[in-house]
Amino acid sequence: MAIEPPAGDAWYLRADDYWVPAEQAGEYPVRQGDLFKGVDLGDGEWFGHLLIHPTCELSKRSVERVQVARVHPLSALPDSKQAAAVTAGFEEKNLQVRPAFAHTFFLAPVPDATIEAFRKPMFVDLRAVALHDRTAYSSPERIGALTHDARVSLIRRELYFRYRLSLPFEEVRRLEAGRIGNDPTFAGPRPEWAEGG
Amino acid sequence: MATHEPPIRAGEILETPVERINHRTLKNEQGRVFREYLRSGVAVAVENNHEIDGYLLPPETFEAARETLQRLNHQLAQIRAVLPLLLAAARSGVAVPSSTLEDLGIDQVFDWRALNELQARFGVELTHDEDGALMPPRITNLRQELFAEEDDAELIIGD
């Protein structure tokens, strides 16, 4: 699946490039960036949640609890101005182009989602994180399997949010290719940019 | 760290009074010219046969003029950087989050798919961070950056 990287400093892929098509998703084990349905982890019911735990940790026996982040529907935002800023990930303010709401990551709708609510645009709040049982995460439970390229854009946004590191998409993808190449437990289809690693 | 710049003082510079003197006055009354004019914030145009040969400026006026030009030059670069995005947004009718478009009264209807498509294809360049400070240079090779000054010192923990 050839995916076009976002142009320039853009944060996000085209919506069609976010999710592995349902008929292929079974080949992809659960990874960082996969989307799961609502859950109550102690502060009320979440609309949905994203597995943000590092992929290479997920196969370790010692990992009993994994990190997840809260997902909201885009429609939960009070006005279209905020929704636009979250969708673009940037805003122009006084002739300056700035990241907007760096703690958020835009999620395109999952076209094949079995639950209708997930067929609409969403966003992750990277400030709202929690731990949940590792056993709760398996392919059948998954709403959407993030493509390898969309995972690169998620990691890139997290690097900016957590460490204020501003890296081009291609550089994060190069680092992820190196990680995949060194991961003996890597399973499922390998992105073409990580082949031979 | 955010840097909040003071307002540009172009008006103040433009209003600097200018006194005209000739070469002879400058030569014979240099002390008075500096005392009465330059130290009082008055610029001096030095004439020869009713043509201005040059200007003498109070130091603060010169510094303010230089700073103003630098900042206007920077603003021009900002306008050049952001203009293609604003034009693309205005032309396509996509509601890009923009205070300039808002100030201009260009009100567009939010369509997440159109905006997603535009941002992915347009190639926006981030110029500042969330707080308005200049964006640090892109890290194009993180590994090199992290290990550029690697040393092999061992961590020694005393018991």
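Since the model is a prediction, treat every value here as computed from it, not as a measurement.

Scoring rules and cut-offs
- Residues numbered from 1 in each chain as written.
- Chains lettered and ligands numbered in written order.
- Predicted model: local features only at pLDDT ≥ 70, side-chain atom pairs only at ≥ 80, totals over all residues.
- Heavy atoms only, no water.
- Pairing = 2+ DSSP bridges.
- Helix = DSSP H or I, 4+ residues; strand = E, 2+ residues; numbered from the N terminus.
- Axes fitted to C-alpha atoms, helices over the stretch in contact; angles between N-to-C directions.
- Phe/Tyr/Trp six-rings, centres within 6.5 Å; stacked < 30°, edge-to-face > 60°.
- Buried < 20%, exposed > 50% of the residue type's maximum accessible area, 1.4 Å probe, protein only.
- Lys NZ or Arg CZ within 6 Å of the ring centre and 35° of its normal.
- Salt bridge = Lys/Arg side-chain N within 4 Å of Asp/Glu carboxyl O.

Colleague: Can you tell me about the sheet that holds strand β2 (residues 48-51) of chain A, naming the residues and giving the values?
Modeller: All names here are of chain A. Reading across from one edge, β6-β7-β3-β2-β1-β8 is the order of the 6 strands in this open sheet, with antiparallel pairing throughout. Since the sheet does not close on itself, it has two edges, and those belong to β6 (104-107) and β8 (142-144), each with one partner. For this sheet the average axis-to-axis angle between neighbouring strands, irrespective of direction, equals 45 degrees. As judged from the 4 bridges shared by β6 and strand β7 (residues 122-133), these two strands associate in the antiparallel manner. Bridge pairing in β7 links Phe-105 to Val-124.

Colleague: A description of the sheet that holds strand β1 (residues 18-22) of chain B should follow, citing residues and the corresponding values.
Modeller: Residue and element names in this part refer to chain B. The sheet built from 3 strands is open, its strands ordered β1-β2-β3 with mixed pairing. With partners counted over all chains shown, the strands left at the sheet margins are β1 and β3 (51-56), one partner each. On average, each strand axis in the sheet is tilted by 30 degrees relative to the strand beside it, whichever way the strands run. Pairing between strand β2 (residues 43-48) and β3: 5 bridges, direction antiparallel.

Colleague: Which residues make up the pairing of strand β3 (residues 65-73) of chain A, and what values do they have?
Modeller: Residues and elements named next belong to chain A. As defined by bridge partners, β2 adjoins β3 across 4 bridges and the pair is classed as antiparallel. Residue His-49 lies in a different strand from β3, and its bridge partner there is Arg-70. Here 9 bridges tie β3 to β7, and the two strands are oriented antiparallel to one another. By the bridge assignment, Arg-65 is partnered in β7 with Asp-133.

Colleague: Tell me about the packing of aromatic side chains, and please be specific about residues and values.
Modeller: For the coordinates displayed, the defined rule picks out 9 aromatic pairs over all chains. Seen in terms of ring centroids, Tyr-18 of chain A and Trp-19 of chain A are 6.3 Å apart; in terms of plane orientation they differ by 45 degrees. Their pairing is tilted. The class for Tyr-18 of chain A is buried, based on a relative accessible area of 0%. A relative accessible area of 6% places Trp-19 of chain A in the buried class. Relative to Trp-112 of chain B, the ring of Phe-106 of chain A lies with its centre 6.1 Å away and its plane at 40 degrees, an arrangement referred to as tilted. In this pair, Phe-106 of chain A is assigned in strand β6 and Trp-112 of chain B in helix α6 (residues 112-122), connecting two distinct chains. Among the aromatic side chains, those forming a connected cluster through ring pairs are Tyr-12, Tyr-18, Trp-19, Phe-105 and Phe-106 of chain A together with Trp-112 of chain B. Above the face of the Trp-11 of chain A ring, Arg-157 of chain A is positioned so that its terminal group lies 4.7 Å from the ring centre.

Colleague: Can you break down the pattern of salt bridges residue by residue, with the values?
Modeller: Counted under the stated rule, the structure contains 23 salt bridges over all chains. Linking Asp-34 of chain A and Arg-151 of chain A is a salt bridge whose minimum nitrogen-to-oxygen distance equals 4.0 Å. Of this pair, Asp-34 of chain A sits in the loop between α1 (22-25) and β1 (35-37) while Arg-151 of chain A is found in helix α3 (residues 148-163), placing the two residues 117 residues apart along the sequence. One salt-bridge network, in which partners are shared between bridges, spans Glu-4, Arg-14, Asp-16 and Asp-17 of chain A together with Arg-113, Glu-117 and Arg-121 of chain B.

Colleague: So what's going on with the environment of Arg-24 of chain B? Residues and values would help.
Modeller: All names here are of chain B. Along the chain, Arg-24 turns up in helix α2 (residues 23-28). With a relative accessible area of 63%, Arg-24 lands in the exposed category. Expressed as a C-alpha distance, the spacing of Arg-24 and Ala-120, which sit 96 residues apart in the sequence, is 67 Å.

All we've got here are geometric facts, nothing functional implied.
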